[in-house]
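Structural characterization, general
Residues per chain are reported as follows:
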Amino acid sequence: RIPRDLIELDTPPLPPDLAATKVPMPLLPRTAVERRHRAQASRPARPLAEASLPAADVSAPARRQPFRRFWWLALIALALLIAAVALFAPLNIVPPASEFTIAYAGPLSGNDAAIGQEQLRAIQMAVNTVNAGGGIDGRRLNLVTYDDANDPAVAVTRAEEIVANDAVLLVIGHDRSDVSLAAKPIYARAGLAAISPSATADALTEGDAWYFRSLFTNHDQGEFIAAYVQHALNQARASIVSTAGTYESSLAEAFVAAFGREGTVVAQWTIDPANRDASIAAIVDQIAAADDPGILFLALQPADAHALLLALGRAGIKLPLIGGEALGYQHFANLFDSEPEELEQPGFFTNGLYAASPMLYDSLGGRALEFFLQYRDAYGSAPAWFGAKAYDAATLAIQAMSEMAAGGAQLQVQSTPRERVRDALAATDSIARAVPGLSGPLYFDASQSIPPSLSIGQFDLGALISAPWQYRAVADPDSLAAGVPAAPGLLFELEGQRYRQYRVVYVGLDINEISGLDAQEQTFDADFFLWFRYSGDASAEDIFFSNAVNPSLALPEAIDRSDENGMHFTMYRVDATFSEPMNFQDYPWDRHVLTISLQNESLGQDDIVYVPDRTVLAQSQASRLQSAVDRTRPFNRIPSWVVDRVIFSQESATSLSTTPDPRTGGPEDEAVSVFEAELFYARDVRTFLIKNLLPLTLLALVTYISLFFSPENAGTRIGFAVTAILTTSVLLQSIAQNLPEIGYTVAIEWGYYVYIALAALLVLVNITIERWYKAKRFAAVRQLDLIARIVYPVVLAIVIGAYVIRFG
């Protein structure tokens, strides 16, 4: 730096050896002061005091000195602070990650890929719901996937990959019992909790604090099936067919132990997997030779059960059959689709076969039915029980991570996040700490499994439907304090859990005619056949139509009654008027769902459930749209309306009980089963537009032509625009007369409003043109005329385009 005393001196000359070079001196860079001095060299010299630098220029370097000297001390102090926090932070604090991570491990490829995809989709639904609500403790929930192809060897590799991912706090998987058992020791060694949504082998959770499951064990399933056979099917004798596999043998042992306490186990047969066809043939011969083998329990995997049923069916052997949850889904019946007997008579091999299932949606309602509808709407296919139990597993996992994030009192202070998740799962061990699940409260029993809550299905004409009698776990034992009749089969107790019986009633509805749709009153007339199939007493027919205009509408005299295989069949013909709230915001592109809804007068969902009959479920949409009294014509008789879809469904609702609650003495809210027929109607828009918008189109065209009149006729132009406003208002009023009194603007009205505003703008434009023309501002008149002729059609095109985009 140039000293202050020499600040006015010029840069000293270069040494002789550098005088010829053009490279500047690196140690003496030319400063701004030097440049200024050279610029002033031609001016008269000033005294040294006058030429001194301003105080700011001299002191600026001095002010920056402390920062330059001590900035590295600040960095050292910050590094020491970070090291101290990392060293002394408590080990049990959850890392401040932006998300929590769970893993799914299952068969995303191979023969069971459909099962894995269903489980994964259900888990993703639960994850999306949590994230849409703000996540867990403000953090998003992340799902990572691992494909094990339902292969035990692959599952070991995937389990090692999962435990190596430090972000994973919990695993949902695997699918089969043998695959889960292969991965079990890896998770235990790494201290990572796992929940299987479908593995039922008792050994999976025995002696292992890290593995849980969101369904029952084989032991619980076998005991439940044995109780159902005795209490619901009234069978006192049974025989068993199984194999030596872990799943099959443990299920058979549990059934034999439970059934043998009150009934007779006639025989037990085992299929030899090394010589399956010969061993099955021998078993079929022994069954045919037995005097009374009783009901045959199939403790088998689908492939073995498929081979056995083929042999039984072709041998002409007919006897009651029941299988475990491995057979309790629709795909099992589909295994027979290509058989000649099945092509000639659907259900030839499976008709009458009962099968346990963790969940059959038609007989449950409530949250289970809601999940079913959400899954179907999201993925376009109906889920089996695999997705439901995976959703329950995700619900338990989310609850455990929420407990971990909140630091519940039951969690150990010095544990890791993975350990705290496991502890939270283990703490969900009673009905008091249960999490709401799809089929009831979710909590783990002593075997770290969900207490058994099974549906029993029955194959009929190749379809799996709910059996006529079902049992539901009693969540509140005090609700039975009033004394439910102790009829045989109504109640039974299993492992300390009480189960109450309820009936499934199959309802069919075939429409003859829909007419008289009144948009003003929001009602319609319906003529239809209605039938019921059920076991038990006639209280199943004590129904009322919840949306009938006449609240006292009763069923007419039955037109047919019959009994077959212990099932009652009753048919009615109903002709009545029903109310249906309608939303007209999209008018005339509005769509409406006309509903015929019925429920029992006095029995709640704990006693009776109405489900669509198999005959209506098997109908195609084309058949449903035809009239039941004349299949050559459609049932729709509503002019200017079209119907494109009919859906039959079982719903769940909350209603006021018609009988007093024994604990309170007054009516209480109760869940009721509702059967609904939904008819999806849409207005015939083409006919409406031709009838209502053609006058408006012609008016708009004439008004536009008036813009080409001479400016001398501006008064005529104004008259056209005013006429357009008045005529459009009249047309708008005629449309409003077709609608009930509503407090909102419908879709078509916005178009009319835009056109009225455009016509009003034309009035102002033409008034302006008239004044400018009289003032001889001809250039301005021509310009405004051109703008009006361009803007008018552009605005109309934009409005039409908006309607096309919105409503197609």
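Cut-offs applied
- Residues numbered from 1 in each chain as written.
- Predicted model: local features only at pLDDT ≥ 70, side-chain atom pairs only at ≥ 80, totals over all residues.
- Heavy atoms only, no water.
- Helix = DSSP H or I, 4+ residues; strand = E, 2+ residues; numbered from the N terminus.
- Buried < 20%, exposed > 50% of the residue type's maximum accessible area, 1.4 Å probe, protein only.
- Areas by Shrake-Rupley, 256 points an atom, 1.4 Å probe, with all protein chains shown as cover.
- Pairing = 2+ DSSP bridges.
- Axes fitted to C-alpha atoms, helices over the stretch in contact; angles between N-to-C directions.
- Contact = heavy atoms within 4.5 Å.
- Polar contact = N/O pair within 3.5 Å; in protein donor to acceptor, adjacent residues only side chain to side chain.
- Phe/Tyr/Trp six-rings, centres within 6.5 Å; stacked < 30°, edge-to-face > 60°.
- Expected span 1.5 Å × (residues − 1).
- Salt bridge = Lys/Arg side-chain N within 4 Å of Asp/Glu carboxyl O.

Helix and strand counts for the protein stand at 21 helices and 25 strands. Taken over 808 residues, the protein has a buried fraction of 47%. For the protein, the accessible surface area stands at approximately 39200 Å², while carbon and sulfur atoms represent 57% of it.

Looking now at the sheet that holds strand 5 (residues 211-213). With parallel pairing, five strands are arranged side by side in an open sheet as 2-1-3-4-5. Because the sheet does not close on itself, it has two edges, and the strands there are strand 2 (140-147) and strand 5. Neighbour-to-neighbour, the strand axes of this sheet turn through a mean angle of 25°, independent of strand direction. Pairing of strand 3 (residues 168-172) with strand 4 (residues 193-196), which is carried by three bridges, proceeds in the parallel orientation. Of the residues in strand 4, the one forming a bridge with isoleucine 172 is isoleucine 195. The sheet contacts of helix 4 (residues 113-132) involve strand 1 (99-106), strand 2 and strand 3, and relative to strand 2 the element is tilted by about 170°. Packed onto the sheet, helix 14 (residues 385-406) meets strand 1, strand 2, strand 3 and strand 4 and runs at close to 160° relative to strand 3.

It is worth spelling out the side chain of glutamine 458 at this point. Along the chain, glutamine 458 falls in strand 13 (residues 455-460). Side chain to side chain, glutamine 458 and tyrosine 354 meet in a polar contact 3.5 Å long. If we ignore the near neighbours within four places in the chain, the residues touching glutamine 458 are Gly352, Leu353, Tyr354, Ala463, Leu464, Ile465, Ala467 and Pro468.

Time to look at the packing of aromatic side chains. Inspection of the entire model under this criterion finds 31 aromatic pairs. Here tyrosine 228 and tyrosine 471 contribute two aromatic rings whose centre-to-centre distance is 6.1 Å and whose plane-to-plane angle is 85°, an arrangement assigned as edge-to-face. Of this pair, tyrosine 228 sits in helix 7 (residues 218-231) while tyrosine 471 sits in strand 15 (residues 469-473); the two residues are 243 residues apart in sequence, bridging distant segments of the chain. Neither tyrosine 228 nor tyrosine 471 differs from the other in exposure class; each is buried. For the ring pair tyrosine 587 and phenylalanine 688, a centre distance of 5.3 Å and an interplane angle of 80° mean the geometry is edge-to-face. Note that tyrosine 587 is positioned in the loop between strand 21 (567-579) and strand 22 (591-600) and phenylalanine 688 in helix 18 (residues 685-706), a separation of 101 residues in sequence.

Taking 1.5 Å of rise per residue, the 30 residues of helix 21 (residues 778-807) would be expected to cover 44 Å, and the 44 Å separating its terminal C-alpha atoms lies within 8% of that figure. All of the buried residues in helix 21 are Ala780, Val781, Leu784, Asp785, Ala788, Tyr792, Val799 and Tyr803. Taken together, the buried residues of helix 21 touch helix 18, helix 19 (714-736) and helix 20 (747-774). Backbone geometry just after helix 21 places glycine 808 at a positive phi near 75°.

It is worth spelling out the pattern of salt bridges at this point. Counted by the stated rule, this structure contains 26 salt bridges. For aspartate 527, the salt bridge goes to arginine 573, with nearest N and O atoms at 2.7 Å. Of this pair, aspartate 527 sits in strand 18 (residues 523-534) while arginine 573 sits in strand 21; the two residues are 46 residues apart in sequence, bridging distant segments of the chain. The network of salt bridges with shared partners includes Asp112, Arg176 and Asp178.

A separate point is the pairing of strand 10 (residues 354-357). Burial along strand 10 is two-sided: the face carrying Tyr354 and Ala356 and the face carrying Ala355 and Ser357 are both buried. Relative to strand 10, strand 9 (residues 321-323) runs parallel, the two being bridged by two bridges. Within the sheet, the bridge partner assigned to isoleucine 322 lies in strand 10 and is tyrosine 354. Pairing of strand 10 with strand 13 involves four bridges; the strand directions are antiparallel.

So, on to unusual backbone geometry. Going from glycine 173 to histidine 174, the amide bond is cis rather than trans, its omega being 0°. Mapped onto the fold, histidine 174 is located in the loop between strand 3 and helix 6 (177-190). Tyrosine 587 connects to proline 588 through a cis peptide bond whose omega is 5°. Examined against the element boundaries, proline 588 turns out to sit in the loop between strand 21 and strand 22. Despite not being glycine, alanine 149 has its phi angle at roughly 55°, a positive value. Its location among the elements puts alanine 149 in the loop between strand 2 and helix 5 (152-164). With relative accessibility at 31%, the residue alanine 149 sits in the partly exposed group. Of note, the phi angle at leucine 461 is positive, near 55°, even though the residue is not glycine.

Treat this as a map of the structure, not an account of what it does.
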